Amino acid sequence: MAIPSHVKYLIIGAGIHGLSTAYHLAQQLKAQGKGDGKDILVVDKSGIAAGASGIACGVVRNNYFQPAMRELMAHSVSVWETDPEGYSYHPVGYMQISPESMHADVATIAQQQKDIGYESTFIEGEKESSDYMKTLFHDWQATGITSVLHEKRGGYANNTKAIYALATKAENEGVRILTGCTVTGFKSDSAGGAIQAVETDKGEIGCDQVVIGAGPWAKTVWDMLELPKTISIKGADGQMHSNIPMWIYWSLQEGTLGVDPELQKTNDGQFPPVIHVDSNEPLYSTYDGSLITDEMWGIYYKPDFHFGGIQGGAAPYAIDTDPDDVAVDPYGVDSPDFVVGEDFAHMWVSALAHCQKRFEGQFEHYKNEPSGGIGSFTPDSFPVFDVFRENCYLIADSNHGYKMLGVGKLVAEELCGQTSSLLEPFRFSRYEQGKLHPVSSSPFPWS
Ligand SMILES: Cc1cc2nc3c(=O)[nH]c(=O)nc-3n(C[C@H](O)[C@H](O)[C@H](O)COP(=O)(O)OP(=O)(O)OC[C@H]3O[C@@H](n4cnc5c(N)ncnc54)[C@H](O)[C@@H]3O)c2cc1C
């Protein structure tokens, strides 16, 4: 495709956010008689699903301690439900299985799910939790679990299939997707002013509105926009804390046990909900019986034909290198620095065996292939959805975002003049104003 000299809407990134925005914006423009998909160009330096969206586990859940996140996720789940087949979305549900240290937090989530009409069952008590899990899996054996939140909606989608489907939906609306085109800078006629053109390695493209869905490259684009490297945050103590780095990277730990996915069926022969277990119990190796950790740990897993086995992950770790020095490229499984190693495999498979007897002695089936990838996180690990430089809409999901299919729809509505109350709690100004989201007791930075 020849590059156009000017477009109304230029979207950077052909991942879940860029493509969802493109598709829904095309529909919005048409519905309002303001244009159509031909007004929209998506550019990607690599290809469709080349970033985090193409390697994500694909879990779609509501389970968040923060009310604003829960409401936003409920909206996104309803968008996944509009076309489960098209999006390769499996609405099997999701379970948060927790120790006593998380009981009160999860009870709050269960109550608030009731308040917003999001269907879930909440089980409390050690024996009750164990009995409930055994009605699903006869071989359930995790100890120290005192609550189970069973979300009846949500589940997972097959990562690249959903993104390709979204690209097709957008193209069917007339959206153009230009791959192999890297954005290298922005042009405006005043310092810090509105963007008039986007500079790329294929030439300059004038535009009225920019949308950024750059995932793990959010910091790179942020720097190109000459936005601040550090920010001030008003903490819960009422004090202003300055010089907080705007971005840090975390490394996501995921892998696949290469057994038949049918191994993980429920007692009545169905495919189960996505399982997420957090635990304070000592974790012992299923390989040699050694102690792996006596600190809090957490895992998630699901049978997945797309990955060819039982796929899942464990808590990520913060990358302590200066964010300016972290190599985001080559990304994902091609990265020499950020793919999971033997320690993850050992821990994760042992944790599977801790939970279900059927995984005991299965360590040898772990797929020894590169997996995992890094994510770009904001200072509070929650998204920033906001406009910068007057006409630059940044969708920086802080790595929460495969499940957030609905965010592009809400962004499209905002671009067409309708402010979204679901996106409001995620404005950049919350840091300075101290309007921060509550913090949970989960070991994961995204709960
Ligand atoms: C291993 C892993 C597992 C995950 N699992 C889950 C999960 O189970 N559930 C969940 O909800 N979330 C999950 N996430 C998080 C989720 O994948 C991301 O939050 C989400 O995919 C980000 O989408 P995006 O569209 O913003 O970015 P991406 O999908 O990363 O897309 C960004 C695109 O921008 C392009 N780009 C970047 N810079 C430029 C440039 N200068 N010029 C042109 N193009 C550019 C890239 O090539 C890329 O294709 C996971 C993340 C990882 C890494």
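Provided above is the structure to which this section pertains.
*Asks:* What is the right way to read unusual backbone geometry from this model?
*Replies:* Note: most peptide bonds trans; most residues except glycine with negative phi. Cis geometry is found at the peptide bond from Asp 329 to Pro 330, where omega equals -5°. Although it is not a glycine, Ala 49 sits at a positive phi angle of roughly 65°. Tracing the backbone shows Ala 49 in the loop between β2 (40-44) and β3 (59-60). Ala 49 gets classed as buried once you look at its relative accessible area, which sits at 10%. One non-glycine residue with positive phi stands out, namely Glu 390, at about 75°. Looking at the element boundaries, Glu 390 is found in the loop between β22 (384-388) and β23 (392-396).

*Asks:* I'm lost on the environment of Gln 111 in this one. Help?
*Replies:* Relative to the assigned elements, Gln 111 resides in helix α3 (residues 100-115). Between the alpha carbons of Gln 111 and Leu 252 there is a distance of 30 Å; along the sequence they are 141 residues apart.

*Asks:* Just to check I follow, could you spell out the packing of aromatic side chains for this structure?
*Replies:* What the rule picks out here adds up to 18 aromatic pairs. For the ring pair Trp 222 and Phe 388, a centre distance of 5.1 Å and an interplane angle of 75° mean the geometry is edge-to-face. In this pair, Trp 222 is assigned in helix α6 (residues 218-224) and Phe 388 in strand β22, connecting sequence segments 166 residues apart. We note Arg 61 situated over the ring of Tyr 64; from NZ or CZ to the ring centre the distance is 4.3 Å.

*Asks:* Got a minute to help me understand the sheet that holds strand β5 (residues 94-98) in this structure?
*Replies:* Paired through backbone hydrogen bonds, the strands of a sheet run either parallel or antiparallel to each other. Pairing is mixed in the open sheet, where eight strands are placed in the order β6-β7-β5-β16-β19-β20-β15-β21. The sheet terminates laterally at β6 (120-124) and β21 (373-377), the two strands that pair on one side only. Averaged over all pairs of adjacent strands, the angle between their axes in this sheet comes to 20°, without regard to strand direction. Inspection of the sheet shows β5 paired to strand β7 (residues 147-151) by five bridges, in the antiparallel sense. Paired with Ser 98 across the strands is Ser 147, a residue of β7. Set on the sheet, helix α4 (residues 126-136) makes contact with β5, β6, β7 and β16 (274-279); between it and β6 the angle comes to about 135°.

*Asks:* What am I meant to see in the site of the ligand here?
*Replies:* Within the structure, the ligand sits among 40 residues, and Asp 44, Ala 52, Ser 53, Asp 397 and Lys 403 are positioned closest to it. In the environment of the ligand, an oxygen atom lies 2.8 Å from a nitrogen or oxygen atom belonging to the backbone of Val 59. In the environment of the ligand, an oxygen atom lies 3.1 Å from a nitrogen or oxygen atom belonging to the backbone of His 400. Summarising the interface, the protein chains cover 97% of the accessible area of the ligand, which totals 1000 Å² for the free molecule. Elements represented by at least two residues in the shell around the ligand include exactly α1 (16-31), β2, β15 (248-257) and β21. Its residues assigned to classes, the shell around the ligand comprises 19 nonpolar, 16 polar and five charged.

*Asks:* Explanation requested: the pattern of salt bridges in the structure shown.
*Replies:* Within the structure shown, the criterion is met by 20 salt bridges. Here Asp 223 ties to Lys 229 by a salt bridge, and the two come within 3.5 Å at their closest N and O atoms. With a relative accessible area of 25%, Asp 223 lands in the partly exposed category. In this structure, Arg 427 engages Glu 424 in a salt bridge whose closest nitrogen and oxygen atoms are separated by 3.2 Å. A relative accessible area of 12% means that Arg 427 is categorised as buried. Classification of Glu 424 as partly exposed rests on a relative accessible area of 39%. Residues participating in the shared-partner salt-bridge network are Lys 219, Asp 223, Lys 229 and Asp 324.

*Asks:* Help me out: how do you make sense of helix α8 (residues 405-415) in this one?
*Replies:* For the α-helix, the turn length of 3.6 residues means that residues three or four positions removed from each other point alike. Counting buried positions along α8 yields ten of eleven residues, so the element is predominantly enclosed. All of the buried residues along α8 are Leu 405, Gly 406, Val 407, Gly 408, Leu 410, Val 411, Ala 412, Glu 413, Glu 414 and Leu 415. Where α8 is buried, its residues touch α1, α2 (67-80), α5 (159-172), β12 (203-212), β22 and β23. Gly 417 sits one or two residues past α8 and shows a positive phi near 100°.

*Asks:* It is not clear to me how the sheet that holds strand β4 (residues 89-90) should be interpreted in this structure. Could you clarify?
*Replies:* Spatial strand order, β3-β8-β4: three strands in an open sheet with antiparallel pairing. Either end of the sheet is taken by a strand with one partner, and the two such strands are β3 and β4. The sheet contact formed by β3 and strand β8 (residues 155-157) spans two bridges and is antiparallel. For Val 60, the partnering residue across the bridge sits in β8 and is Gly 155.

The rules we used
- Residues numbered from 1 in each chain as written.
- Predicted model: local features only at pLDDT ≥ 70, side-chain atom pairs only at ≥ 80, totals over all residues.
- Heavy atoms only, no water.
- Helix = DSSP H or I, 4+ residues; strand = E, 2+ residues; numbered from the N terminus.
- Buried < 20%, exposed > 50% of the residue type's maximum accessible area, 1.4 Å probe, protein only.
- Phe/Tyr/Trp six-rings, centres within 6.5 Å; stacked < 30°, edge-to-face > 60°.
- Lys NZ or Arg CZ within 6 Å of the ring centre and 35° of its normal.
- Pairing = 2+ DSSP bridges.
- Axes fitted to C-alpha atoms, helices over the stretch in contact; angles between N-to-C directions.
- Contact = heavy atoms within 4.5 Å.
- Near = heavy atom within 4 Å.
- Polar contact = N/O pair within 3.5 Å; in protein donor to acceptor, adjacent residues only side chain to side chain.
- Areas by Shrake-Rupley, 256 points an atom, 1.4 Å probe, with all protein chains shown as cover.
- Nonpolar A, V, L, I, M, F, W, Y, C, P; charged D, E, K, R; others polar.
- Salt bridge = Lys/Arg side-chain N within 4 Å of Asp/Glu carboxyl O.

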